[in-house]
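Below, each chain spelled out in residue letters.
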Amino acid sequence: MSTVLPTPATVKTGEPVLQIRNLVVDYGYGDDPTHVLREVSLTLNKGEVLGLAGESGCGMSTLAYAASRLLPPPGIITGGEVLFTRRDGSVVDILKLSDKELRAARWNDIAIVFQGAMNSLNPVYRVSKQLTDVIATHRPALSRRELDDRAAELLELVGISPDRLRSFPHQLSGGMRQRVMIAMALALEPQVLIMDEPTTALDVVMQRQIVEQITDLRERLGFAVIFITHDVSLLIEVADRIAIMYAGEIVESATASEVYRMPRHPYSDGLLGSFPPLHGPRRELGGIPGSPPDLAKPIDGCPYADRCPFAFDRCRVENPALKQTVFADLEPERLVACHLHDLPLAKVPVQLTRRPA
Amino acid sequence: MRFLARRFIFYVITAWAAITINFFIPRAMEGNPVDALLARYQGQVSPDAIRALTVLFGLDKNQSLWDQYVQYWQLLFSGNLGLSFTFFPTPVATVVQQSLPWTLGLVGLSTVISFFVGTLIGTAIGWKRGTWADGLLPVATFFSAVPYFWLGLLAIMLFSLTLKLLPAAQGYDPGLIPNLDFIFIGSVIQHGILPALTIVLSSIAGWMLGMRNMMVTVTSEDYVSVAQAKGLSERRIMFGYAARNAILPQISGFALSLGFIVSGTLVMEMVFSYPGIGFVLYQAVSAKDYPLMQGVFLVITLSVLVANIIADLVYTLLDPRTRQEG
Amino acid sequence: MAIDLTITAPDVTTAAVAGRAARHRFVFLRNGKAITGVAILGFFAIIAIIGQFIAPYDPDTLGPDIMQPPSAAHWLGTTNLGQDILSQLLIGTRGVMIVGFAAGIIATILAIIIGVSAGYAGGVVDEVLSAVSNIFLVIPALPLIIIITGQLPGGGEVVISLVIAVTGWAWGSRILRAQTLSLRKRDFVEASRANGESIFRIIGFEILPNLTAIIVSSFIGTVTFAILSQITLAFIGVTSISEWNWGTILFWAQSNQALARGAWWWFVPAGLCIALLGMSLALINFGIDEFINPRLRSTGQNAKAMRRRGIVARIGFTPVVRKR
């Protein structure tokens, strides 16, 4: 099995492994559904860590679950495609897979570490069983012995002693359970790992350890990560690129340091302002007044307009598209959905126009 | 094992409470009906039996309550529950002893069948939620609201009187002598089918609905989503992850509602004149045979307690969290 | 006890939702099941009030038509003594409803007092009260009711209601205790306590309003229990056989071999009425359950739209339906 494991050197970055295109997700089957994702496009490259940030309820988790078709009822995907590039170079649309193909692809291609560290493990099975059942399902040729060895190996990978295999979930601490989940996610050496707020329920020390571990494992095993969190400061440390979501749309995406040092969207700026900076001089914490809009009601114009300190007339009638700014030559990866950047540079608020170094 | 120890203490207390209630009920009533019974059977009741009834029903008003209570316990430990007047002069203990196996066979078996089948169907409709399977819900609701005995009456009308398929009453053909031969056992089965089916039919809906709701609740748990994300087979997720967890509250529900179910099935025996303890209770009520009524209550309660202990043991086996030390 | 935790877990986790939602009172009435239930219940309530006046005959009066199947003169036929069964049914409704609701109210009050104090007080008080309610749950109620009423002189409606209430409060008490326990740890209750508000004020104004849905649900459950018990008692002949209720009708039918004589009209209607009434109560409770626990909410109301769009809602496989 370890022969199929790509060494980090062979991972070419810049090649997309997961491309989400114009994904539309509704809640509700009736005639008047809530549009929770509105034409979201996102690309994840091989081996990179993509951070997905925003306030709770802005659709980050929905995006991840919809892309893997795990969104519970009454979620429904009404448009778009999710293209996954297999190791052999073939590209499949996850949304078009049959149930059988999807089952076979799951965990092999994309593994997920869920939000609730406490409830992700089946309380009535031992850790060993939960680690081996997934391997046995996808690698039916393996013997009992090989399965057990692999399970022990996985636990060691995340720094847990293999005697814990005999434990039941309730006998493990929260941090340990989350490590078990990470070990489980790596069981089939997937190309993509989705981590949905993997550290929220943990204390600060544990958060740090888990984040360091993920960074370390990624370097050793070379998988790509979608890291979902509402804690932007955490992302700065782990992510290569960051996408900021608001009200079911991506409003800005760029490299991590670009987003952090010179946000271009007023929402990104507000979001960064609500966390203390990790380095550099202390500044006053802002926070954003108000809360995200109710998606059950139709939104005219930019969804952020009501909370945006710089909103002008156009923002209330036209929803801005995601596009490059005047700095496109200097930061080709940056996309921003904001009408401000159509204005003459002099009229754009100064905190959104910091020049790339 | 702390969990089991705690449960065991609880059952001891419950048994004590039931026996004590049984002790106080006749003493709290105005006038004493047993006096009247004794007067009617004057001369036919042995002095020993009179003494037992005196202790059981507190006929001797000169004794202190405490002395009565102590004597009552001594009597129970000697297995003496007094004398039945319906089956005069058979002791209550003997009547109960003869009828209990019938009830255990009929009620026990059909309740267990109903629980398993109902839980299985509930698992399926909870899993297939939002499909045609939901159409079973109104039907199940209707059946869960029907009194057991009325369904029994309908079953007799349909299968015994109209279709003449199965016997309507008794536990076996009255022309046979009870022994363990082929004909007798065949007769017992033949007589048991209709009451058993009726008990299953009327109690199954409760298990179905309960399990369905638990399945719906459990399927939105994270570990079920994880199982889906892992690409496990549908069967494995449905049984190993969803149903395996949903059944835990179902079993504690089983333990708690046993008292209720047993009450319903007792009446079923009355409808089918089945020679079990429910029918004995019915005869005791009709004849105002108080010693028999009280004895039957005690035995039913203790049987339910034993069933509860079994359910708890099963629960402990299924839920590792209860096996935790300390 | 571990069992307690697992069985009440779904309620507890959704308590916040229920509490907040309780403020929009009667929102649950938009639920189709609840509406059907309330309508049927309302129908029987009206019969209970006017049954006496619309009954075509005196239920006790013997008539010349003996054991007649349903006809224009006797819509539901007659008994072996020529009594009109429809009239018995109409007049008997009142007894059923009175005992059901009286027992339900008394038992619910008992359940609130015992359950809420156990949950709020905690410690030894909780241990003792919980043990008492568990004891009452485990002891089979019907035999207990039978030996109590069997030894009581005269089994009138009031006495029956009392006995049923005394044996039937435990389930509600158990649920209310679990709910109170989780409410007690909530911020708003902690805050009131820190403000030094009196226990009665906290229970009356902070806790009870948040228990409304659960109380109603346990009340409905107890009414169902009471109605079934009462009818069963009447059917066995433990209670007074001269007061008309649906169980009494079945008692007379059974003791006069209605079955063997093929007089289906004698016992079928009464049973159907019980089933309908029981179903209406069960439906109301489903409505409340779905209101308290949103996970249970049926996707039924969307069934039409789903069929039209070809959606199959499944766990683990989000449907993909492209707009045409």
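Residue positions are given per chain, counted from 1 along the sequence in the order it is written. Note on labels: chains are lettered from A, ligands numbered from 1, in written order. A pLDDT threshold of at least 70 governs which residues receive local features in this predicted model, and a stricter bar of 80 or more applies before side-chain atom pairs are shown or counted, although totals over entire chains, interfaces and linings include all residues. The side-chain numbers reported here are obtained from all heavy atoms of the structure, hydrogens and water having been left aside.

## What to know about the overall build of chain A
1) Next: In this text, helices come from DSSP runs of H or I with a minimum length of four residues, and strands from runs of E with a minimum of two, each type numbered from the N-terminal end. A tally of helices and strands in chain A yields nine helices and eleven strands.
2) Next: Since a compact globule built from 357 residues should have a radius of gyration of about 21 Å, the 21 Å found for chain A is in line with a globular shape.
3) Next: In terms of overall dimensions, chain A has a C-alpha envelope of 70 × 50 × 40 Å along the principal axes.
4) Next: Buried means the residue's accessible area, taken with a 1.4 Å probe over protein chains only, is under 20% of the maximum for its type, while exposed means over 50%, and partly exposed covers the values in between. Counting across all 357 residues of chain A, residues that qualify as buried make up 57%.
5) Next: In chain A, the proportion of contacts linking residues at least 24 apart, taken out of those at least 6 apart, comes to 67%.
6) Next: Here the accessible surface of atoms and residues is derived via Shrake-Rupley with a 1.4 Å probe, and residues count as covered only by protein chains that are part of the display. Carbon and sulfur atoms form 52% of the exposed surface of chain A, whose accessible area is close to 15000 Å².
7) Next: The positive count covers Lys and Arg only, the negative count covers Asp and Glu only, and His and the chain ends enter neither. Here the site of a charge means atom NZ of a Lys, CZ of an Arg, CG of an Asp or CD of a Glu. Distance from the positive charge centre (38 side chains) to the negative charge centre (44 side chains) of chain A: 3 Å. Every radius of gyration here is taken over C-alpha atoms, with the globule rule written as 2.2 Å times N^0.38, N being the number of residues. Residues are treated as being in contact if the distance between any of their heavy atoms lies within 4.5 Å.

## Describing the overall build of chain C
1) Next: Secondary structure assignment for chain C yields 13 helices and zero strands.
2) Next: Counting helices and strands in the order they occur from the N terminus, chain C gives α-α-α-α-α-α-α-α-α-α-α-α-α.
3) Next: Counting every position in chain C, which comprises 324 residues, the buried fraction comes to 56%.
4) Next: When contacts within chain C are restricted to residue pairs at least 6 apart in sequence, those whose partners lie at least 24 apart make up 70%.

## With respect to the domain arrangement of chain A
Residues and elements named next belong to chain A.
1) Next: Boundary definitions for the domains trace back to an automatic or database domain assignment. Domain boundaries in chain A define domain 1 (15-239) and domain 2 (249-347).
2) Next: A straight line from the C-alpha centre of domain 1 to that of domain 2 covers 28 Å.
3) Next: Residue-level contacts link 19 residues of domain 1 with 16 residues of domain 2.
4) Next: Buried area is understood as the total, over both parts, of accessible area removed when two parts are fitted together, assessed with a 1.4 Å probe. In this assembly, domain 1 packs against domain 2 so that about 1600 Å² is buried in total across both faces, 66% of it on carbon and sulfur atoms.
5) Next: A pairing counts as a salt bridge when a side-chain nitrogen of Lys or Arg comes within 4 Å of a carboxyl oxygen of Asp or Glu. Viewed at the interface, domain 2 and domain 1 are joined by two salt bridges.
6) Next: For R307, the salt bridge identified is with E55, shortest N-O distance 3.0 Å.
7) Next: Under the rule applied, a polar contact is a pair of N or O atoms within 3.5 Å (in protein, one hydrogen donor and one hydrogen acceptor; residues adjacent in sequence only if both atoms are side-chain atoms). One can count three residue pairs in polar contact (both at pLDDT 80 or more) joining domain 1 with domain 2.
8) Next: Looking at the side of domain 1 that touches domain 2, the elements with two or more residues in it are β2 (34-45) and α7 (232-238).
9) Next: Split into classes, the residues belonging to the side of domain 1 that touches domain 2 amount to eight nonpolar, seven polar and four charged. Residues are sorted three ways: Asp, Glu, Lys and Arg are charged, Ala, Val, Leu, Ile, Met, Phe, Trp, Tyr, Cys and Pro are nonpolar, and all the rest, Gly among them, are polar.

## So, the packing of aromatic side chains
1) Next: Two aromatic rings, drawn from Phe, Tyr or Trp (for Trp, its six-membered ring), form a pair once their centres lie within 6.5 Å of each other, and the interplanar angle then sorts them: stacked below 30 degrees, edge-to-face above 60, tilted otherwise. Under the counting rule described, the total for this entry stands at 25 aromatic pairs over all chains.
2) Next: Relative to W246(C), the ring of F44(C) lies with its centre 5.5 Å away and its plane at 65°, an arrangement referred to as edge-to-face. Of this pair, F44(C) sits in helix α3 (residues 32-54) while W246(C) sits in helix α11 (residues 246-255), placing them 202 residues apart in sequence.
3) Next: For F44(C), a relative accessible area of 4% puts it in the buried group.
4) Next: Its relative accessible area of 0% is what places W246(C) among the buried residues.
5) Next: By the ring-pair criterion, three or more aromatic residues cluster together here, those being F23(B), F24(B), W66(B), Y69(B), Y72(B), W73(B) and F77(B).

## Comments concerning the interface of chain B and chain C
How large an interface is tends to be reported as the accessible area lost when its parts come together.
1) Next: Taken together, the contacts link 66 residues of chain B with 59 residues of chain C.
2) Next: Summing both sides of the interface, chain B and chain C together bury roughly 5800 Å²; the carbon and sulfur share of this comes to 75%.
3) Next: Applying the counting rule to chain B against chain C returns one salt bridge.
4) Next: Across the pair E127(C) and R6(B) runs a salt bridge, and its minimum N-O distance is 3.6 Å.
5) Next: The tally of links from chain B across to chain C stands at two residue pairs in polar contact (both at pLDDT 80 or more).
6) Next: Elements represented by at least two residues in the side of chain B that touches chain C include exactly α1 (2-28), α6 (136-145), α7 (148-162), α8 (182-219), α10 (234-271), α11 (277-286) and α12 (290-318) of chain B.
7) Next: Top element by residues in the side of chain B that touches chain C is α1(B). It accounts for twelve residues.

## Considering the pattern of salt bridges
Residue and element names in this part refer to chain A.
1) Next: The final tally for this structure, using the stated rule, is 33 salt bridges over all chains.
2) Next: Note that R38 is salt-bridged to E249, the shortest N-O span being 3.3 Å. With R38 in strand β2 and E249 in strand β10 (residues 249-255), this pair connects stretches of sequence that are 211 residues apart.
3) Next: By relative accessible area, E249 is classed as buried at 11%.
4) Next: Here the salt bridges do not stand alone but share partners, grouping E252, R264, E331 and R334 into one network.

## Quick notes on the sheet that holds strand β6 (residues 110-113) of chain A
Residues and elements named next belong to chain A.
1) Next: Any two strands between which DSSP finds at least two bridges are classified as paired. Within the open sheet, the seven strands sit side by side as β6-β7-β8-β3-β9-β10-β11. Their pairing is mixed. A strand with exactly one partner marks an edge of an open sheet, and here the two such strands are β6 and β11 (335-336).
2) Next: Note that β6 and strand β7 (residues 192-196) share four bridges and pair parallel. In the sheet register, A111 faces β7, and the bridge partner there is L193.

## A short note on the environment of E243(C)
Residue and element names in this part refer to chain C.
1) Next: Mapping E243 onto the fold places it in the loop between α10 (199-236) and α11.
2) Next: Overall, E243 belongs to the partly exposed group, its relative accessible area being 28%.
3) Next: For the pair formed by E243 and E157, sequence separation is 86 residues and the distance between their alpha carbons is 8.4 Å.
4) Next: Residues within four places of E243 in sequence aside, it is in contact with G156, E157 and T248.

## Looking at the interface of chain C and chain A
1) Next: Counting residues at the interface gives 17 residues for chain C and 23 residues for chain A.
2) Next: Together, the buried faces of chain C and chain A total about 1700 Å²; carbon and sulfur atoms form 51% of this surface.
3) Next: Its largest share of buried area at the contact with chain A, chain C owes to F317(C), T318(C) and R322(C), together 37% of the area lost on that side.
4) Next: For the pair chain C and chain A, the number of links is zero salt bridges.
5) Next: Each residue belonging to the side of chain C that touches chain A can be placed in one class, and the counts come to eight nonpolar, four polar and five charged.

## Considering the confidence of the model for chain A
All names here are of chain A.
1) Next: The pLDDT value expresses, per residue, how confident the predictor is, ranging between 0 and 100. Of the residues in chain A, 92% reach a pLDDT of 70 or more, and the chain-wide mean stands at 86.
2) Next: Per-element confidence in chain A ranges from a low mean pLDDT of 83 for α7 to a high of 94 for helix α3 (residues 127-138).
3) Next: Scored below 50 in pLDDT, residues 1-12 shows 17 contacts in the model against residues more than four places distant or in partner chains.

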